[in-house]
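The chain contents come next:
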Amino acid sequence: MLLWFFIISLIVIIIQLAVINQKAEKIAGMIAGKERSELANLIRLRDAGILTEEEFQQKRKEYESWIAEKGHSDERKALEDLHEKGLLSDEELNKKLEALEKVKGRGEGISGIDLAEIKRRTSYKDAICYAERTPDSWICICGTENKLSDRHCRKCFSNQGYVLENFTKETLWR
Ligand SMILES: [Zn+2]
């Protein structure tokens, strides 16, 4: 009886070691191989439980810098790249491109002096526009439109109250 218990335990341990080894090999293969750069594979591996959330985030960063290196640093190109790889549907791509155009449009309505003042006071070099309160949203200085219920910007984490009090067209020089 005791012997059987011992044998079964041993088999379980051997199987577990094999599984752990397989995971380690897959991760090592990803790091070394060309798969590393594919966001789709990363998501698949994370969903399969092979990559932890932490490992996934790390690999995703590597993927993003790979895109940047390949000259895809432009957001439009990055979106088209995701679309090409099947990660964005046609409809999603069009929506994202529209949103991108909106953000770029916002940056056209501000003078250089005002923008420099916002950047100086926030130390945020990616600021592009005034903060703005719309009837049902707020626009951050990074150009992102956020829900009123969002206390911090989705993109740059600026505080809603802070940017609306200090960096709207009306409040900037007050
Ligand atoms: Zn922002």
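This text goes with the structure placed above it.
The shown structure was predicted, so the numbers you read here are calculated from the model rather than taken from an experiment. (Residues numbered from 1 in each chain as written. Predicted model: local features only at pLDDT ≥ 70, side-chain atom pairs only at ≥ 80, totals over all residues.)

Draft legend 1. Just the overall build of the chain, in detail. A count of helical and extended segments in the chain gives seven helices and three strands. Taken over 174 residues, the chain has a buried fraction of 13%. Here the contacts in the chain between residues at least 6 apart in sequence split such that 29% fall between residues at least 24 apart. (Helix = DSSP H or I, 4+ residues; strand = E, 2+ residues; numbered from the N terminus. Buried ≥ 20, exposed ≤ 12 C-beta atoms within 10 Å, placed from the backbone. Contact = placed C-beta atoms within 7 Å.)

Draft legend 2. Spatial organisation of unusual backbone geometry. Residue S123 is not a glycine yet carries a positive backbone phi of 55 degrees. Inspection of the secondary structure puts S123 in the loop between helix 6 (112-122) and strand 1 (132-134). The class for S123 is exposed, based on 7 C-beta atoms found within 10 Å. Residues other than glycine seldom take positive phi values, yet F157 does so here, at roughly 70 degrees. Relative to the helices and strands, F157 is located in the loop between strand 3 (145-147) and helix 7 (160-166).

Draft legend 3. Geometry of the packing of helix 4 (residues 75-84) against helix 5 (residues 90-106). In contact at an axis separation of 10 Å, helix 4 and helix 5 are set at 175 degrees when each is read in the N-to-C sense. By the criterion of interaxial angle, the relationship of helix 4 to helix 5 is roughly antiparallel. Touching E75, R76, L79 and H83 of helix 4 are L93, K96, L97 and L100, all from helix 5. A breakdown of the residues in the contact of helix 4 with helix 5 according to their chemical character gives four nonpolar, one polar and three charged. (Axes fitted to C-alpha atoms, helices over the stretch in contact; angles between N-to-C directions. Parallel < 35°, antiparallel > 145°, perpendicular 65-115°, else oblique. Nonpolar A, V, L, I, M, F, W, Y, C, P; charged D, E, K, R; others polar.)

Draft legend 4. View of the nonpolar core. With 13 residues, the main nonpolar core has A131, I139, C140, I141, C142, V163 and F167 as its most contacted residues. When near neighbours in sequence (up to four residues on either side) are disregarded, I139 contacts R106, C129, A131, E132, T134 and E145. (Core = buried A, V, L, I, M, F, W, Y, C linked by C-beta atoms within 7 Å.)

Draft legend 5. Highlighting the sheet that holds strand 1. With respect to topology, three strands assemble into an open sheet ordered 1-2-3, the strand pairing being antiparallel. The sheet terminates laterally at strand 1 and strand 3, the two strands that pair on one side only. Within this sheet the neighbouring strands show an average axis-to-axis angle of 25 degrees, counted without direction. The sheet contact formed by strand 2 (residues 137-139) and strand 3 spans three bridges and is antiparallel. By the bridge assignment, S137 is partnered in strand 3 with K147. (Pairing = 2+ DSSP bridges.)

Draft legend 6. Structural view of the environment of I141. You can see I141 is positioned in the loop between strand 2 and strand 3. By C-beta crowding, I141 is classed as buried, having 28 other C-beta atoms within 10 Å. Put simply, I141 and C129 are twelve residues apart on the chain and 5.0 Å apart in space, counted from C-alpha to C-alpha. Excluding its chain neighbours within four sequence positions, the residues that come into contact with I141 are I118, T122, Y124, A127, C129, A131, S158, V163 and F167.

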